[in-house]
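# Secondary and tertiary structure notes
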Amino acid sequence: MIMKTLDDLIGEGVQGRRVLVRADLNVPFDKANPGVISDDGRIRAVLPTVTALRDAGAKVVVISHLGRPKGAPDPKYTLAPVAVRFGELLGAPVAFASDTVGASARSTVDGLADGAVALLENLRFNEGETSKDPAVRGAFADELAALADVYVDDAFGAVHRAHASVSDIASRLPAYAGGLVLREVEVLKKLTGDPERPYVVVLGGSKVSDKLAVIEALLPKVDKLLVGGGMCFTFLKAQGHEVGKSLLEAEMVDTCRDLLERGAGKIELPVDVVAAEAFAADAAHSTVPADAIPADRLGLDIGPESVVRFSDALSGARTVFWNGPMGVFELAPFAAGTRGVAEAITKVDGFTVVGGGDSAAAVRALGIDESAFGHISTGGGASLEYLEGKQLPGLTALES
(Lines give C-alpha, C1' and ligand atoms only; values in the text may rest on other atoms or scores of the structure.)
Protein backbone atom coordinates (compact mmCIF):
# COMPACT_ATOMS: atom_id res chain seq x y z
CA MET A 1 0.00 0.00 0.00
CA ILE A 2 1.01 3.61 -0.50
CA MET A 3 1.60 5.96 2.42
CA LYS A 4 -0.18 9.30 2.63
CA THR A 5 2.36 12.10 2.63
CA LEU A 6 2.94 15.48 4.22
CA ASP A 7 2.04 17.08 0.89
CA ASP A 8 -1.29 15.24 0.94
CA LEU A 9 -1.98 16.55 4.43
CA ILE A 10 -1.11 20.16 3.62
CA GLY A 11 -3.19 19.90 0.47
CA GLU A 12 -6.17 18.85 2.58
CA GLY A 13 -5.63 21.87 4.83
CA VAL A 14 -4.17 22.06 8.33
CA GLN A 15 -5.00 25.62 9.35
CA GLY A 16 -5.77 25.54 13.08
CA ARG A 17 -5.47 21.76 13.32
CA ARG A 18 -3.29 20.09 15.96
CA VAL A 19 -0.64 18.01 14.20
CA LEU A 20 1.33 15.52 16.28
CA VAL A 21 4.79 15.09 14.71
CA ARG A 22 6.86 12.09 15.82
CA ALA A 23 10.47 13.24 15.47
CA ASP A 24 13.75 11.56 16.32
CA LEU A 25 15.47 14.11 18.56
CA ASN A 26 17.66 11.52 20.25
CA VAL A 27 20.71 13.78 20.04
CA PRO A 28 24.09 13.18 21.69
CA PHE A 29 25.33 15.42 24.49
CA ASP A 30 28.85 16.56 25.32
CA LYS A 31 30.12 14.18 28.01
CA ALA A 32 32.20 16.93 29.58
CA ASN A 33 29.36 19.46 29.53
CA PRO A 34 26.00 17.91 30.50
CA GLY A 35 23.10 19.63 28.77
CA VAL A 36 25.23 20.77 25.82
CA ILE A 37 24.21 19.12 22.54
CA SER A 38 27.26 17.87 20.64
CA ASP A 39 25.50 17.15 17.33
CA ASP A 40 22.17 18.77 16.39
CA GLY A 41 21.83 16.95 13.06
CA ARG A 42 18.65 15.14 14.07
CA ILE A 43 16.98 18.41 15.07
CA ARG A 44 17.93 19.97 11.73
CA ALA A 45 16.55 16.94 9.90
CA VAL A 46 12.95 17.52 11.07
CA LEU A 47 12.95 21.29 10.48
CA PRO A 48 11.58 21.11 6.90
CA THR A 49 8.49 19.16 8.02
CA VAL A 50 7.84 21.40 11.03
CA THR A 51 8.38 24.55 8.97
CA ALA A 52 5.99 23.38 6.25
CA LEU A 53 3.29 22.71 8.86
CA ARG A 54 3.89 26.05 10.58
CA ASP A 55 3.65 27.90 7.29
CA ALA A 56 0.35 26.13 6.59
CA GLY A 57 -1.06 27.33 9.91
CA ALA A 58 -0.97 24.08 11.89
CA LYS A 59 -0.53 23.85 15.64
CA VAL A 60 2.55 21.63 15.71
CA VAL A 61 3.08 19.26 18.65
CA VAL A 62 6.46 17.49 18.42
CA ILE A 63 7.13 14.29 20.35
CA SER A 64 10.36 12.30 20.69
CA HIS A 65 12.37 9.97 22.86
CA LEU A 66 15.87 10.61 24.23
CA GLY A 67 18.14 7.89 25.54
CA ARG A 68 16.89 4.88 27.47
CA PRO A 69 15.16 5.98 30.68
CA LYS A 70 13.31 3.23 32.52
CA GLY A 71 9.72 4.32 31.96
CA ALA A 72 9.84 7.11 34.53
CA PRO A 73 11.11 10.72 34.59
CA ASP A 74 14.89 11.02 34.77
CA PRO A 75 16.50 14.49 34.64
CA LYS A 76 19.47 13.07 32.75
CA TYR A 77 17.21 12.43 29.76
CA THR A 78 15.05 15.56 29.69
CA LEU A 79 14.30 17.11 26.31
CA ALA A 80 14.41 20.62 27.78
CA PRO A 81 17.82 21.49 26.22
CA VAL A 82 16.55 20.13 22.90
CA ALA A 83 13.56 22.52 23.02
CA VAL A 84 15.96 25.46 23.39
CA ARG A 85 18.13 24.40 20.46
CA PHE A 86 15.05 23.54 18.41
CA GLY A 87 13.76 27.09 18.86
CA GLU A 88 17.14 28.56 17.88
CA LEU A 89 17.26 26.54 14.66
CA LEU A 90 13.60 27.16 13.88
CA GLY A 91 13.91 30.88 14.49
CA ALA A 92 10.76 30.81 16.64
CA PRO A 93 9.93 29.89 20.24
CA VAL A 94 9.25 26.23 20.98
CA ALA A 95 6.99 25.79 23.99
CA PHE A 96 8.09 22.95 26.25
CA ALA A 97 5.78 20.70 28.25
CA SER A 98 7.29 19.14 31.35
CA ASP A 99 5.37 15.88 30.87
CA THR A 100 4.16 13.73 27.98
CA VAL A 101 0.40 13.42 28.39
CA GLY A 102 -0.26 15.12 31.73
CA ALA A 103 -1.47 18.54 32.77
CA SER A 104 1.54 20.38 31.36
CA ALA A 105 1.19 18.69 27.97
CA ARG A 106 -2.53 19.41 27.78
CA SER A 107 -2.19 23.07 28.78
CA THR A 108 0.79 23.60 26.46
CA VAL A 109 -1.09 22.19 23.49
CA ASP A 110 -4.27 24.11 24.39
CA GLY A 111 -2.25 27.32 24.46
CA LEU A 112 -0.79 26.95 20.97
CA ALA A 113 -1.68 29.56 18.37
CA ASP A 114 -1.89 28.68 14.68
CA GLY A 115 1.65 28.23 13.33
CA ALA A 116 3.15 27.71 16.80
CA VAL A 117 5.26 24.75 17.92
CA ALA A 118 5.48 22.76 21.16
CA LEU A 119 7.76 19.94 22.26
CA LEU A 120 6.53 17.45 24.85
CA GLU A 121 8.83 15.81 27.40
CA ASN A 122 10.61 12.51 26.67
CA LEU A 123 8.15 9.83 25.56
CA ARG A 124 10.11 7.15 27.38
CA PHE A 125 9.33 8.79 30.73
CA ASN A 126 6.06 6.87 30.33
CA GLU A 127 6.27 3.07 30.56
CA GLY A 128 3.55 2.77 27.91
CA GLU A 129 5.88 3.97 25.15
CA THR A 130 8.06 0.87 25.02
CA SER A 131 5.89 -1.69 26.81
CA LYS A 132 5.68 -5.15 25.28
CA ASP A 133 2.05 -5.33 26.46
CA PRO A 134 -0.18 -4.08 23.59
CA ALA A 135 -2.83 -2.91 26.07
CA VAL A 136 -0.36 -0.74 27.98
CA ARG A 137 1.08 0.68 24.76
CA GLY A 138 -2.41 1.25 23.42
CA ALA A 139 -3.51 3.17 26.51
CA PHE A 140 -0.54 5.52 26.14
CA ALA A 141 -1.23 5.90 22.41
CA ASP A 142 -4.83 6.86 23.27
CA GLU A 143 -3.57 9.63 25.56
CA LEU A 144 -1.19 10.93 22.92
CA ALA A 145 -3.89 10.84 20.25
CA ALA A 146 -6.18 12.92 22.46
CA LEU A 147 -3.71 15.79 22.10
CA ALA A 148 -4.03 16.04 18.31
CA ASP A 149 -6.20 15.80 15.22
CA VAL A 150 -3.58 14.35 12.85
CA TYR A 151 -0.36 12.33 13.12
CA VAL A 152 2.81 12.74 11.04
CA ASP A 153 5.72 10.33 11.42
CA ASP A 154 9.01 12.00 10.55
CA ALA A 155 11.18 9.85 12.83
CA PHE A 156 12.83 7.41 10.48
CA GLY A 157 15.33 6.55 13.20
CA ALA A 158 12.49 4.99 15.22
CA VAL A 159 10.38 3.24 12.55
CA HIS A 160 11.94 -0.12 13.42
CA ARG A 161 10.44 0.09 16.92
CA ALA A 162 6.99 -1.26 17.83
CA HIS A 163 6.41 1.62 20.23
CA ALA A 164 3.23 3.48 21.13
CA SER A 165 4.24 6.71 19.40
CA VAL A 166 5.42 4.90 16.28
CA SER A 167 3.12 2.00 15.43
CA ASP A 168 0.11 2.14 17.79
CA ILE A 169 -0.83 5.78 17.33
CA ALA A 170 -1.04 5.54 13.54
CA SER A 171 -4.27 3.55 13.90
CA ARG A 172 -5.81 6.18 16.17
CA LEU A 173 -5.36 9.31 14.05
CA PRO A 174 -5.21 10.06 10.33
CA ALA A 175 -1.55 9.18 9.66
CA TYR A 176 0.93 10.66 7.20
CA ALA A 177 4.60 10.16 6.37
CA GLY A 178 6.84 13.18 6.80
CA GLY A 179 9.34 14.28 4.18
CA LEU A 180 12.29 12.77 6.03
CA VAL A 181 10.70 9.31 6.23
CA LEU A 182 9.78 9.41 2.55
CA ARG A 183 13.31 10.40 1.52
CA GLU A 184 14.87 7.65 3.63
CA VAL A 185 12.61 5.00 2.12
CA GLU A 186 13.32 6.29 -1.39
CA VAL A 187 17.08 6.03 -0.79
CA LEU A 188 16.95 2.56 0.75
CA LYS A 189 14.79 1.26 -2.09
CA LYS A 190 17.61 2.24 -4.44
CA LEU A 191 20.08 0.20 -2.40
CA THR A 192 17.83 -2.88 -2.14
CA GLY A 193 16.48 -2.75 -5.68
CA ASP A 194 18.86 -2.68 -8.62
CA PRO A 195 21.74 -0.41 -7.55
CA GLU A 196 24.12 0.88 -10.19
CA ARG A 197 27.38 -1.09 -10.13
CA PRO A 198 30.01 -1.43 -8.88
CA TYR A 199 28.21 -1.44 -5.52
CA VAL A 200 30.57 -1.05 -2.55
CA VAL A 201 29.55 -1.30 1.11
CA VAL A 202 31.78 -0.02 3.91
CA LEU A 203 31.03 -1.38 7.39
CA GLY A 204 32.65 -0.37 10.65
CA GLY A 205 31.65 -0.01 14.25
CA SER A 206 32.49 -2.19 17.18
CA LYS A 207 30.75 -5.55 16.88
CA VAL A 208 30.30 -8.12 14.14
CA SER A 209 27.20 -9.38 15.95
CA ASP A 210 25.51 -5.99 15.48
CA LYS A 211 26.08 -6.15 11.72
CA LEU A 212 25.83 -9.88 11.06
CA ALA A 213 22.32 -9.82 9.63
CA VAL A 214 23.10 -6.96 7.25
CA ILE A 215 26.34 -8.65 6.15
CA GLU A 216 24.40 -11.83 5.38
CA ALA A 217 21.81 -9.84 3.42
CA LEU A 218 24.26 -7.69 1.48
CA LEU A 219 27.07 -10.14 0.73
CA PRO A 220 25.32 -11.72 -2.28
CA LYS A 221 24.40 -8.27 -3.65
CA VAL A 222 27.60 -6.23 -3.37
CA ASP A 223 30.75 -6.14 -5.45
CA LYS A 224 32.97 -5.19 -2.51
CA LEU A 225 32.50 -5.23 1.28
CA LEU A 226 35.14 -3.20 3.13
CA VAL A 227 35.36 -3.98 6.84
CA GLY A 228 36.98 -1.64 9.39
CA GLY A 229 36.34 -0.47 12.94
CA GLY A 230 36.43 -2.69 15.99
CA MET A 231 34.60 -5.46 14.15
CA CYS A 232 37.58 -6.07 11.83
CA PHE A 233 39.58 -7.70 14.62
CA THR A 234 37.22 -10.65 14.88
CA PHE A 235 37.67 -11.16 11.13
CA LEU A 236 41.45 -10.90 11.50
CA LYS A 237 41.32 -13.47 14.31
CA ALA A 238 39.31 -15.73 11.99
CA GLN A 239 42.27 -15.53 9.58
CA GLY A 240 44.52 -16.78 12.38
CA HIS A 241 46.17 -13.46 13.26
CA GLU A 242 47.14 -12.13 16.68
CA VAL A 243 44.90 -9.19 17.63
CA GLY A 244 46.42 -8.35 21.03
CA LYS A 245 44.02 -6.55 23.35
CA SER A 246 41.82 -5.37 20.48
CA LEU A 247 38.06 -5.70 20.67
CA LEU A 248 37.21 -9.32 19.96
CA GLU A 249 33.99 -11.35 19.86
CA ALA A 250 35.43 -14.80 20.36
CA GLU A 251 32.05 -16.46 19.82
CA MET A 252 31.86 -14.88 16.34
CA VAL A 253 35.23 -16.11 15.03
CA ASP A 254 33.81 -19.19 13.31
CA THR A 255 31.01 -17.11 11.80
CA CYS A 256 33.56 -14.64 10.43
CA ARG A 257 35.64 -17.49 9.00
CA ASP A 258 32.55 -18.73 7.16
CA LEU A 259 31.77 -15.25 5.87
CA LEU A 260 35.33 -14.85 4.59
CA GLU A 261 35.04 -18.12 2.71
CA ARG A 262 31.70 -17.20 1.18
CA GLY A 263 32.84 -13.64 0.47
CA ALA A 264 36.20 -14.54 -1.02
CA GLY A 265 37.13 -11.82 -3.50
CA LYS A 266 34.51 -9.48 -2.06
CA ILE A 267 35.42 -8.91 1.60
CA GLU A 268 38.45 -6.68 2.19
CA LEU A 269 40.04 -6.25 5.61
CA PRO A 270 42.61 -3.71 6.82
CA VAL A 271 46.24 -4.50 6.02
CA ASP A 272 47.56 -2.22 8.76
CA VAL A 273 46.16 -0.75 11.99
CA VAL A 274 47.01 1.93 14.50
CA ALA A 275 47.73 0.02 17.71
CA ALA A 276 47.92 1.74 21.10
CA GLU A 277 48.97 0.79 24.60
CA ALA A 278 45.62 1.95 26.00
CA PHE A 279 42.24 3.35 25.01
CA ALA A 280 43.24 6.98 25.45
CA ALA A 281 44.16 9.97 23.28
CA ASP A 282 47.57 10.29 24.93
CA ALA A 283 48.45 6.59 24.79
CA ALA A 284 51.64 5.55 22.98
CA HIS A 285 50.68 4.20 19.54
CA SER A 286 52.11 3.20 16.19
CA THR A 287 51.04 1.76 12.87
CA VAL A 288 51.63 -2.00 12.55
CA PRO A 289 50.73 -4.68 10.00
CA ALA A 290 47.25 -6.07 10.60
CA ASP A 291 48.75 -9.55 10.94
CA ALA A 292 51.34 -8.45 13.52
CA ILE A 293 49.50 -6.57 16.27
CA PRO A 294 51.59 -6.72 19.48
CA ALA A 295 50.03 -8.83 22.20
CA ASP A 296 50.05 -5.90 24.65
CA ARG A 297 48.37 -3.38 22.30
CA LEU A 298 44.89 -2.81 20.92
CA GLY A 299 43.90 -1.61 17.48
CA LEU A 300 42.00 1.69 17.52
CA ASP A 301 41.99 2.66 13.83
CA ILE A 302 42.77 1.33 10.39
CA GLY A 303 46.18 2.36 9.10
CA PRO A 304 47.20 4.57 6.15
CA GLU A 305 47.84 1.69 3.74
CA SER A 306 44.35 0.36 4.49
CA VAL A 307 42.91 3.80 3.74
CA VAL A 308 44.70 3.74 0.37
CA ARG A 309 43.36 0.28 -0.47
CA PHE A 310 39.83 1.08 0.65
CA SER A 311 39.97 4.33 -1.34
CA ASP A 312 41.07 2.41 -4.43
CA ALA A 313 38.13 0.03 -4.02
CA LEU A 314 35.78 3.02 -3.72
CA SER A 315 37.23 5.02 -6.61
CA GLY A 316 35.33 3.22 -9.34
CA ALA A 317 32.11 2.64 -7.42
CA ARG A 318 28.75 3.87 -8.68
CA THR A 319 26.82 3.06 -5.48
CA VAL A 320 28.21 3.24 -1.94
CA PHE A 321 26.64 2.53 1.45
CA TRP A 322 28.71 3.34 4.54
CA ASN A 323 27.74 2.42 8.09
CA GLY A 324 30.15 2.58 11.01
CA PRO A 325 33.42 4.45 11.66
CA MET A 326 36.81 2.92 10.84
CA GLY A 327 38.23 3.66 14.28
CA VAL A 328 37.79 5.65 17.47
CA PHE A 329 37.32 8.91 15.58
CA GLU A 330 36.38 10.77 18.77
CA LEU A 331 40.06 10.59 19.80
CA ALA A 332 42.25 12.65 17.45
CA PRO A 333 45.11 10.13 17.04
CA PHE A 334 42.64 7.51 15.83
CA ALA A 335 40.47 9.58 13.48
CA ALA A 336 42.55 9.41 10.28
CA GLY A 337 41.06 6.14 9.06
CA THR A 338 37.47 7.35 9.29
CA ARG A 339 38.42 10.70 7.76
CA GLY A 340 40.29 9.07 4.89
CA VAL A 341 37.50 6.68 3.98
CA ALA A 342 34.85 9.41 4.32
CA GLU A 343 36.82 11.70 2.03
CA ALA A 344 37.21 8.88 -0.49
CA ILE A 345 33.44 8.41 -0.50
CA THR A 346 32.91 12.12 -1.19
CA LYS A 347 34.91 11.71 -4.41
CA VAL A 348 32.82 8.82 -5.73
CA ASP A 349 31.11 9.58 -9.04
CA GLY A 350 27.83 7.95 -8.14
CA PHE A 351 25.18 7.56 -5.45
CA THR A 352 26.58 7.62 -1.90
CA VAL A 353 24.70 6.96 1.34
CA VAL A 354 25.96 7.47 4.88
CA GLY A 355 23.96 5.05 7.00
CA GLY A 356 23.26 7.23 10.02
CA GLY A 357 24.36 6.70 13.61
CA ASP A 358 28.06 7.09 14.37
CA SER A 359 28.92 7.50 10.68
CA ALA A 360 26.76 10.61 10.38
CA ALA A 361 28.17 11.91 13.67
CA ALA A 362 31.70 11.34 12.39
CA VAL A 363 31.02 13.32 9.20
CA ARG A 364 29.95 16.31 11.25
CA ALA A 365 32.58 15.92 13.97
CA LEU A 366 35.39 15.73 11.41
CA GLY A 367 34.10 18.77 9.53
CA ILE A 368 33.49 16.96 6.24
CA ASP A 369 31.08 18.69 3.86
CA GLU A 370 27.73 16.96 4.29
CA SER A 371 26.56 18.04 0.85
CA ALA A 372 29.35 15.94 -0.70
CA PHE A 373 27.33 12.80 0.07
CA GLY A 374 24.21 11.76 -1.79
CA HIS A 375 22.31 11.14 1.42
CA ILE A 376 23.05 11.07 5.15
CA SER A 377 20.56 8.88 6.97
CA THR A 378 19.13 9.78 10.36
CA GLY A 379 18.43 6.18 11.30
CA GLY A 380 21.36 3.81 11.69
CA GLY A 381 19.45 0.87 13.17
CA ALA A 382 16.39 1.44 11.01
CA SER A 383 18.53 1.67 7.86
CA LEU A 384 20.26 -1.61 8.66
CA GLU A 385 17.02 -3.43 9.39
CA TYR A 386 15.51 -2.17 6.13
CA LEU A 387 18.55 -3.46 4.22
CA GLU A 388 18.19 -6.79 6.05
CA GLY A 389 14.71 -7.05 4.54
CA LYS A 390 12.81 -6.77 7.83
CA GLN A 391 9.33 -5.33 8.14
CA LEU A 392 9.57 -2.05 10.04
CA PRO A 393 6.55 -1.48 12.34
CA GLY A 394 6.45 2.28 11.80
CA LEU A 395 6.34 1.97 8.02
CA THR A 396 3.81 -0.87 8.15
CA ALA A 397 1.56 1.31 10.32
CA LEU A 398 1.71 4.17 7.82
CA GLU A 399 0.81 1.81 4.98
CA SER A 400 -2.15 0.26 6.81
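Heads up: these notes are all about the structure in this document. (Residues numbered from 1 in each chain as written. Predicted model: local features only at pLDDT ≥ 70, side-chain atom pairs only at ≥ 80, totals over all residues. Heavy atoms only, no water.)

### Some details on the pairing of strand E2 (residues 59-63)
Heads up, the rule is: Between buried and exposed lies partly exposed: a residue is buried under 20% and exposed over 50% of the maximum accessible area for its type, with that area taken using a 1.4 Å probe on protein chains only. Helix numbering and strand numbering both begin at the N terminus, where a helix is a DSSP run of H or I of at least 4 residues and a strand a DSSP run of E of at least 2. The handedness rule is simple: strands pointing away from the viewer, and a clockwise path from the first strand over the helix to the second, make the crossover right-handed. Strands were regarded as paired on the criterion that DSSP finds at least two bridges between them.
Counting buried residues along E2, 4 of its 5 residues qualify, which places the element largely inside the surrounding structure. Tracing the backbone out of strand E1 (residues 18-22), into helix H2 (residues 41-55) and back to the parallel element E2 gives a crossover that is right-handed. Sheet analysis places E2 next to strand E4 (residues 117-119), joined by 3 bridges and oriented parallel. Each bridged residue has a counterpart across the sheet, and for Val62 the counterpart in E4 is Leu119.

### Description of unusual backbone geometry
Here the residue pair Arg197 and Pro198 is connected by a cis peptide bond, since its omega of 5° sits within 30 degrees of zero. Within the secondary structure, Pro198 is located in the loop between helix H7 (179-192) and strand E7 (199-203).

### Brief notes about the packing of H2 against helix H3 (residues 80-90)
Describing two packed helices takes the angle between their axes plus the distance from one axis to the other. Quick note on the threshold: Axes here mean lines fitted to C-alpha atoms, for a helix over just the part in contact, with angles spanning 0 to 180 degrees between N-to-C directions. Less than a right angle of anticlockwise turn of the near helix away from the far helix marks a crossing as left-handed, whereas a clockwise turn marks it as right-handed. Working rule for contacts: check all heavy atoms of both residues, and any pair within 4.5 Å makes them a contact.
In contact at an axis separation of 10 Å, H2 and H3 are set at 65° when each is read in the N-to-C sense. Between H2 and H3 the crossing geometry is right-handed. Along the contact surface, H2 presents Ile43, Arg44, Val46, Leu47, Val50, Thr51 and Arg54, while H3 presents Val82, Arg85, Phe86, Leu89 and Leu90.

### Notes on the sheet that holds E4
A sheet is described by the order of its strands in space; here 6 strands give the open sequence E3-E4-E2-E1-E5-E6, paired in parallel fashion. Sheet topology places strand E3 (94-96) and strand E6 (175-177) at the edges, where each strand pairs with a single neighbour. Averaged over all neighbouring strand pairs, the angle between strand axes comes to 25°, with direction disregarded. Judged from the 5 bridges that link them, E1 and E2 form a sheet pairing that is parallel. Opposite Val19, over in E2, you have Val60 as the bridge partner. Here H3 sits on the sheet and contacts E2, E3 and E4; the angle it forms with E3, its principal contact strand, is near 170°.

### Brief notes about the nonpolar core
Within soluble globular proteins, side chains that are nonpolar tend to cluster in buried spots. Using the following cut-off: Buried Ala, Val, Leu, Ile, Met, Phe, Trp, Tyr and Cys residues form a nonpolar core when they are joined through side-chain atoms within 4.5 Å.
Core analysis: the largest hydrophobic core is formed by 73 residues, its most contacted members being Leu225 and Phe235. With sequence-adjacent residues up to four places away left out, Leu225 is seen in contact with Val201, Leu203, Ile215, Leu219, Lys266, Ile267 and Glu268. Grouped together as the second largest cluster of nonpolar side chains are 29 residues, Leu53, Leu79, Ala83 and Leu90 included.

### So, the side chain of Ser383
For clarity, the cut-off: N or O atoms within 3.5 Å of each other form a polar contact, as long as, within protein, one can give a hydrogen and the other can take it, and as long as residues adjacent in sequence are counted only when both atoms are side-chain atoms.
Mapped onto the elements of the fold, Ser383 is located in helix H14 (residues 380-388). You can call Ser383 buried: its relative accessible area is 1%. There is a polar contact of 2.5 Å between the side chain of Ser383 and the backbone oxygen of Gly379. Once residues lying within four places of it in the same chain are set aside, the contact partners of Ser383 are Phe156, Leu188, Gly355 and Ser377.

### Let's talk about the sheet that holds strand E8 (residues 224-227)
Whether parallel or antiparallel, the strands of a sheet pair through hydrogen bonds between backbone atoms. Pairing is parallel across the open sheet formed by 6 strands, whose spatial order is E9-E8-E7-E13-E14-E15. Sheet topology places strand E9 (267-268) and strand E15 (375-376) at the edges, where each strand pairs with a single neighbour. Alignment of E8 against E9, held across 2 bridges, turns out to be parallel. From the neighbouring strand, Leu226 faces E9, where its bridge partner is Glu268. Contacts from helix H8 (residues 208-218) reach E7, E8 and strand E13 (319-323) within the one sheet, and its direction differs from that of E7 by about 165°.

### Considerations on helix H11 (residues 304-315)
Let me state the cut-off plainly: In this analysis, the expected span of each helix is defined as 1.5 Å times one less than the number of residues it contains. Here the arc refers to the set of directions running from the helix axis out to each C-beta atom.
Look at H11: 16 Å from first C-alpha to last across 12 residues, which is about the 16 Å you get at 1.5 Å a residue. What H11 keeps buried is the set Ser306, Val307, Phe310, Ala313 and Leu314. Looking straight down H11, one finds its buried side chains confined to an arc of 125°; they lie on one side. Exposed residues lying more than 90 degrees from the buried face of H11 are Asp312 and Ser315.

### Looking at the pattern of salt bridges
Put simply, the rule reads: We define a salt bridge as a side-chain nitrogen of Lys or Arg found within 4 Å of a carboxyl oxygen belonging to Asp or Glu.
Using the criterion set out here, one finds 21 salt bridges in the structure. Notably, a salt bridge pairs Asp254 with Arg257, separated by 2.7 Å at the nearest N-O pair. With Asp254 and Arg257 both in helix H10 (residues 253-262) and 3 residues apart, this pair spans about one turn of that helix. The exposure class of Asp254 is exposed, given its relative accessible area of 55%. Judged by its relative accessible area of 34%, Arg257 falls in the partly exposed class. In the salt-bridge network here, residues are joined through shared partners; they are Asp40, Arg44, Arg85 and Glu88.

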